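# Structural overview for review
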Amino acid sequence: GLFVCGINLCVGASAWTLNRRRTSEQVETSSAISGSVTRYKTLSFFSGFLVLSLEVVVQHQIAQVSINSLFSSGTVLVMVLVSLGFSAMAVSFLKRRWTVERGIAVSLIGAAFVCAAQPFLLTQLRHGIEILPYELSSLPYTVEMAKLGLVSVLPLFLVTGLLFPWLIEANSSTDEKHLARKIGTLLAWNGLGGWLGAELTQ
């Protein structure tokens, strides 16, 4: 794990060095552009923080009602990855009907709503925090875990996962010369937010 982290740091440092060499040319800086860039960076950070924080919280929630951590972490991980994939597909469909600003606003409002509703869905489904019976064999147990994930995990990450694809979409109209840099910057802020979210929530 540390070796892979080291490789990531080397790749990041190399990209930064190459980018600094290349950007001797002036980049357009109007106050309106820099204001929206700062807003997008902040929202990217918040998106990463929110999604990874919620993943940690949901891991702990599901662990309270499942027999072991393998089932709880496996269920949450699968549901999170599937949800984020569907979120990205949803944005590619919705962008034909909505403006980016509307998409971002709906994502934030939706995230607030699902975050408030999710604990109630979980406790309703498990009659409080009733543990799944140990007596269930593998297949029925897996079905119960899938139900739990589909109702209390998938919608949460489907909605909260919309924000970052909208931010990518907001920057995709940039000219090709600056596109990679903008997307890379959003990914960096998103990753930083996710890392801090996971660490602090844990």
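Criteria and cut-off values
Per chain, the residues get numbers from 1 upward, laid out in the order the sequence is written. Totals for whole chains, interfaces and linings use all residues, but because this is a predicted model, local features are given only for residues with pLDDT of at least 70 and pairs of side-chain atoms are given and counted only at 80 or more. Heavy atoms from the whole structure form the basis of all side-chain values; hydrogens and water molecules are not counted. Note on conventions: DSSP H or I runs of at least 4 residues are helices, E runs of at least 2 residues are strands, and numbering of each starts at the N terminus. Buried, partly exposed and exposed residues are distinguished by accessible area as a fraction of the type maximum, computed with a 1.4 Å probe on protein chains only: under 20%, between the cut-offs, and over 50%, respectively. Note on contacts: a residue pair qualifies if any of its non-hydrogen atoms lie within 4.5 Å across the two residues. For every accessible area listed, the method is Shrake-Rupley and the probe measures 1.4 Å; residues are considered covered only by the protein chains on display. Just so you know, the count uses Lys and Arg for positive and Asp and Glu for negative, and it drops His and the chain ends. Taken as the charge centre is NZ of Lys, CZ of Arg, CG of Asp or CD of Glu, depending on the residue. For the purposes of this section, nonpolar cores are sets of buried Ala, Val, Leu, Ile, Met, Phe, Trp, Tyr and Cys residues that join through side-chain atoms within 4.5 Å. Axis lines are fitted to C-alpha atoms, over the contacting stretch for helices. Their N-to-C directions set the angle, which ranges from 0 to 180 degrees. Roughly parallel means an angle under 35 degrees; roughly antiparallel means over 145; roughly perpendicular covers 65 to 115; every other angle is labelled oblique. In this scheme the handedness of a crossing depends on how the near helix is turned from the far one: anticlockwise by less than a right angle means left-handed, clockwise means right-handed. Every case where a carboxyl oxygen of Asp or Glu lies within 4 Å of a side-chain nitrogen of Lys or Arg is listed as a salt bridge. Counting of polar contacts relies on pairs of N or O atoms within 3.5 Å, with two restrictions inside protein: one atom must be capable of donating a hydrogen and the other of accepting it, and residues adjacent in sequence are counted only when both atoms are side-chain atoms. Aromatic rings from Phe, Tyr and Trp, with only the six-membered ring used for Trp, were paired whenever their centres fell within 6.5 Å, and each pair was classed as stacked if the ring planes differed by under 30 degrees, edge-to-face if by over 60, and tilted otherwise.

## Description of the overall build of the protein chain
On a plain count of helices and strands, the protein chain comes out with eight helices and zero strands. Starting at the N terminus, the α and β elements of the protein chain follow one another as α-α-α-α-α-α-α-α. Reported as C-alpha extents along the three principal axes, the dimensions of the protein chain are approximately 70 × 45 × 25 Å. Relative to its 202 residues, the protein chain shows a buried fraction of 31%. Expressed as a percentage of contacts within the protein chain between residues at least 6 apart in sequence, the contacts between residues at least 24 apart total 82%. Surface exposure of the protein chain reaches about 12200 Å², of which carbon and sulfur atoms provide 69%. Each charge class in the protein chain was averaged separately, 14 positive and 11 negative side chains, and the resulting centres sit 9 Å apart.

## Looking at the nonpolar core
In this structure, V58, I62, M145, L148, V153, L156 and F157 are the most contacted members of the largest nonpolar core, which totals 20 residues. If we ignore the near neighbours within four places in the chain, the residues touching M145 are I62, S66, F71, S72, T75 and L132. By size, the runner-up hydrophobic cluster in this structure holds 12 residues, among which are V91, I104, A170 and L186.

## As for the packing of helix α4 (residues 100–125) against helix α7 (residues 163–171)
At their nearest, the axes of α4 and α7 sit 9 Å apart, and the two run at 165 degrees to each other. Taken together, the axes of α4 and α7 are roughly antiparallel relative to one another. Of the two elements, α4 crosses α7, and the hand of that crossing is left-handed. Contact with α4, carried on its side by V100, G103, I104, S107 and L108, involves L163, W166, L167, E169 and A170 of α7 and no other residues of that element.

## Side note on α7
Of all nine residues that make up α7, seven are buried, and the element is covered over most of its length. Among the residues of α7, those classed as buried are L163, F164, P165, W166, L167, A170 and N171.

## Observations concerning the pattern of salt bridges
Here the structure, examined in full by the defined rule, presents four salt bridges. Across the pair R39 and E101 runs a salt bridge, and its minimum N-O distance is 3.0 Å. With a gap of 62 residues between them, R39 in helix α2 (residues 31–65) and E101 in helix α4 connect regions that are remote in the sequence. Looking at E101, the relative accessible area reads 39%, which means it is partly exposed.

## Side note on the environment of T75
By the element assignment, T75 lies in helix α3 (residues 69–94). In this structure, the C-alpha to C-alpha distance between T75 and M145, residues 70 residues apart in sequence, is 6.9 Å.

## A short note on the environment of S172
Relative to the elements of secondary structure, S172 occurs in the loop between α7 and α8 (176–201). For the pair formed by S172 and K182, sequence separation is 10 residues and the distance between their alpha carbons is 8.7 Å. Here the side chain of S172 touches E169 through a polar contact of 2.8 Å, landing on its backbone oxygen.

## What about the packing of aromatic side chains?
Applying the stated criterion across every chain yields a total of three aromatic pairs. For the ring pair W98 and W166, a centre distance of 6.4 Å and an interplane angle of 15 degrees mean the geometry is stacked. Taken as a pair, W98 in the loop between α3 and α4 and W166 in helix α7 lie far apart in primary sequence, 68 residues in all. Assessed through its relative accessible area of 1%, W166 is described here as buried.

By themselves these figures say nothing about function.
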